[in-house]
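What follows is the residue order along each chain.
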Amino acid sequence: MQRRVVDFGMARSEFGRRAFRRVVANAVRETRATVGWSQQTLAGRAGLSRAQVANVETARVSASLDVSAALLDALGVRWELAVQAPFLLDRRRQREPAHGLCSAYVQRRLETDGWLVRREVEVVHGRSHGWIDLLAFHPVGGRLLVIEVKTEIDDLGRIERTLAWYERVAWPAARRLGWEPTTVASLLVMLATEANEHRLIENRPVIEASFGQRAQELATPAPGHPERGVGSAVRRAVAMVDPRSRRRGWLIAPRVMGRRSRVPYADYADFMQTIRSRGTGRR
C-alpha cells in the first residue's frame, strides 16, 4: 500500500479535515479488500459497529483518532502520528545555568561601558521563531550589536545561519525598543574552555573568513563619532568570556585569533564543577 502522509497542522481547516478523512478511508477500504474481510468482520475485530466502519470508508464524517487507530490496528496497518514543533532557535538554552551566567556577565560588562542591553529579545518571521541572546545598542555611535552566547560549540555552520537571520531581523526589533541604529554588528561569545578552543581551531577557515573583526573594537565604538553603513556588510567577531573574571579586558581573544595563554576551564563540565565548588565569586 502506498505510504500516505497527512499534515496534522492543517487539522484546523476544513481542507485539512477532509484530507485526513480521505487518507484514513482509502487505507481502511483498500487494506480490508486486500485481506478479504467484510465490513462486519472488520467491525468485530476492531470492537466497533459496522456503521462506524462504513462511515470511515466513505469519509462522510470525521472519525476520531481512537476509531481510526482501532481500524488500522485491526488491519495490521502501520501508521504514524508526527508532531512537529515550530522552528524554535535554541530555546532549550533557557534551562542551561552556564548560559545564563555568561549572558548576565556580558550584559553587565556592556552596560558598564554605556550600552543599552536587552536579553532574550524575541523575533518572529513566518514559521521561524527565535530569541536573540543579547541585543545591545550604543546611543552615541549608533551601533547595534547582536550577541550570540554559546557554552559549547556543536555546529558552527548553524551558528552562522542563525546570526545571519538575527542580523536581518535585529533592525525592526531595535526600533520596537525605541532605538535608531545606523549599523549592525555580530559578536559570538563563548565560554572560555579548551573544548571550545579546539572547535574553533578545527574550523579556522570559517573563523578567519566570517569572524575576522576584533571583538574589543566592536564592543567599544568610538564616542562622539556616529557610524554609517546601513545596508553594508555586517562585521562579525568571536570572543571568549570567563563569567567569574573581573579583569578590565573581559573579552578574551580565542587562540585561533592569536592568543597564547591558556583558558581557565577544560570544558563545560569543568566550569560547572568549578562554580559549584567555589561559588560564582569573581577573580
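To keep things clear, this report deals only with the structure shown in the data block. (Residues numbered from 1 in each chain as written. Predicted model: local features only at pLDDT ≥ 70, side-chain atom pairs only at ≥ 80, totals over all residues. Heavy atoms only, no water.)

Topic: the overall build of the protein chain
Alright, step 1. The helix and strand tally for the protein chain stands at ten helices and six strands.
Alright, step 2. Within the protein chain, buried positions represent 45% of all 283 residues.
Alright, step 3. Residue pairs in contact within the protein chain that sit at least 24 positions apart in sequence constitute 67% of those at least 6 positions apart.
Alright, step 4. For the protein chain, the computed accessible surface area is about 15500 Å², with 49% contributed by carbon and sulfur atoms. (Helix = DSSP H or I, 4+ residues; strand = E, 2+ residues; numbered from the N terminus. Buried < 20%, exposed > 50% of the residue type's maximum accessible area, 1.4 Å probe, protein only. Contact = heavy atoms within 4.5 Å. Areas by Shrake-Rupley, 256 points an atom, 1.4 Å probe, with all protein chains shown as cover.)

Points about the packing of helix H2 (residues 39-46) against helix H3 (residues 50-58)
Alright, step 1. Two elements in contact, H2 and H3, have axes whose closest approach is 8 Å; the angle formed by their N-to-C orientations is 110 degrees. Between H2 and H3, the angle falls in the class roughly perpendicular. When H2 is examined against H3, the residues Gln-39, Gln-40, Leu-42 and Ala-43 are found in contact with a partner set consisting of Arg-50, Val-53, Ala-54 and Glu-57.
Alright, step 2. Class assignment for the residues of the contact of H2 with H3 results in four nonpolar, two polar and two charged. (Axes fitted to C-alpha atoms, helices over the stretch in contact; angles between N-to-C directions. Parallel < 35°, antiparallel > 145°, perpendicular 65-115°, else oblique. Nonpolar A, V, L, I, M, F, W, Y, C, P; charged D, E, K, R; others polar.)

Observations concerning the packing of helix H5 (residues 97-112) against helix H10 (residues 268-278)
Alright, step 1. One way to put it is that H5 packs onto H10 with a least axis distance of 11 Å and a crossing angle of 75 degrees. On the basis of the axis angle, H5 is roughly perpendicular to H10. Counting all contacts with H5, which are made through Pro-97, Ala-98 and Leu-101, the residues of H10 involved are Tyr-268, Phe-271, Met-272 and Ile-275.
Alright, step 2. Looking at the contact of H5 with H10 residue by residue, the class counts come to seven nonpolar, no polar and no charged.

Notes on the pairing of strand S2 (residues 116-125)
Alright, step 1. Pairing of S2 with strand S3 (residues 128-137) involves nine bridges; the strand directions are antiparallel. Bridged to Glu-122 within S3 is Trp-131. (Pairing = 2+ DSSP bridges.)

What about the pattern of salt bridges?
Alright, step 1. According to the stated counting rule, one finds twelve salt bridges in the structure shown.
Alright, step 2. Of the charged contacts, one joins Glu-167 and Arg-236 as a salt bridge, the two residues approaching to 2.7 Å between their closest N and O atoms. On the criterion of sequence distance, the pair formed by Glu-167 in helix H6 (residues 156-176) and Arg-236 in strand S6 (residues 235-241) is long-range, its members being 69 residues apart. One exposure class covers both Glu-167 and Arg-236, and it is buried.
Alright, step 3. One salt bridge in this structure joins Glu-194 and Arg-255, with 3.0 Å as the shortest N-O distance. Of this pair, Glu-194 sits in helix H7 (residues 194-202) while Arg-255 sits in the loop between S6 and H10; the two residues are 61 residues apart in sequence, bridging distant segments of the chain. (Salt bridge = Lys/Arg side-chain N within 4 Å of Asp/Glu carboxyl O.)

Structural notes on the nonpolar core
Alright, step 1. Counting 30 residues, the largest nonpolar core has Ile-132, Leu-135, Leu-144 and Val-146 as its most contacted members.
Alright, step 2. Those elements that place two or more of their residues in this core are S2, S3, strand S4 (143-150), H6, strand S5 (183-191) and S6.
Alright, step 3. A per-element tally of this core places H6 first, with ten residues.
Alright, step 4. In this structure Val-146 touches Ile-132, Leu-134, Leu-135, Leu-163, Tyr-166, Ala-170, Val-184, Ala-185, Ser-186 and Leu-187, once residues within four positions along its chain are discounted.
Alright, step 5. Of all hydrophobic cores here, the second largest spans 28 residues; its members include Ala-98, Tyr-105, Ala-185 and Met-272. (Core = buried A, V, L, I, M, F, W, Y, C linked by side-chain atoms within 4.5 Å.)

Considerations on the packing of aromatic side chains
Alright, step 1. Summed over the entire model, instances satisfying the criterion amount to four aromatic pairs.
Alright, step 2. Ring plane angle 80 degrees and centroid distance 6.2 Å describe the contact between Tyr-105 and Trp-250, whose orientation is recorded as edge-to-face. Taken together, the residues Tyr-105 in helix H5 and Trp-250 in the loop between S6 and H10 connect sequence positions 145 residues apart.
Alright, step 3. Tyr-105 sits in the buried class, given a relative accessible area of 1%.
Alright, step 4. Overall, the relative accessible area of 4% leaves Trp-250 in the buried class.
Alright, step 5. Between Tyr-265 and Phe-271, the aromatic rings sit 5.1 Å apart at their centres with planes inclined by 80 degrees, giving edge-to-face as the arrangement. The two residues Tyr-265 and Phe-271 agree in class, both being buried.
Alright, step 6. Its end group placed over the ring of Phe-211, Arg-236 keeps NZ or CZ at 6.0 Å from the ring centre. (Phe/Tyr/Trp six-rings, centres within 6.5 Å; stacked < 30°, edge-to-face > 60°. Lys NZ or Arg CZ within 6 Å of the ring centre and 35° of its normal.)

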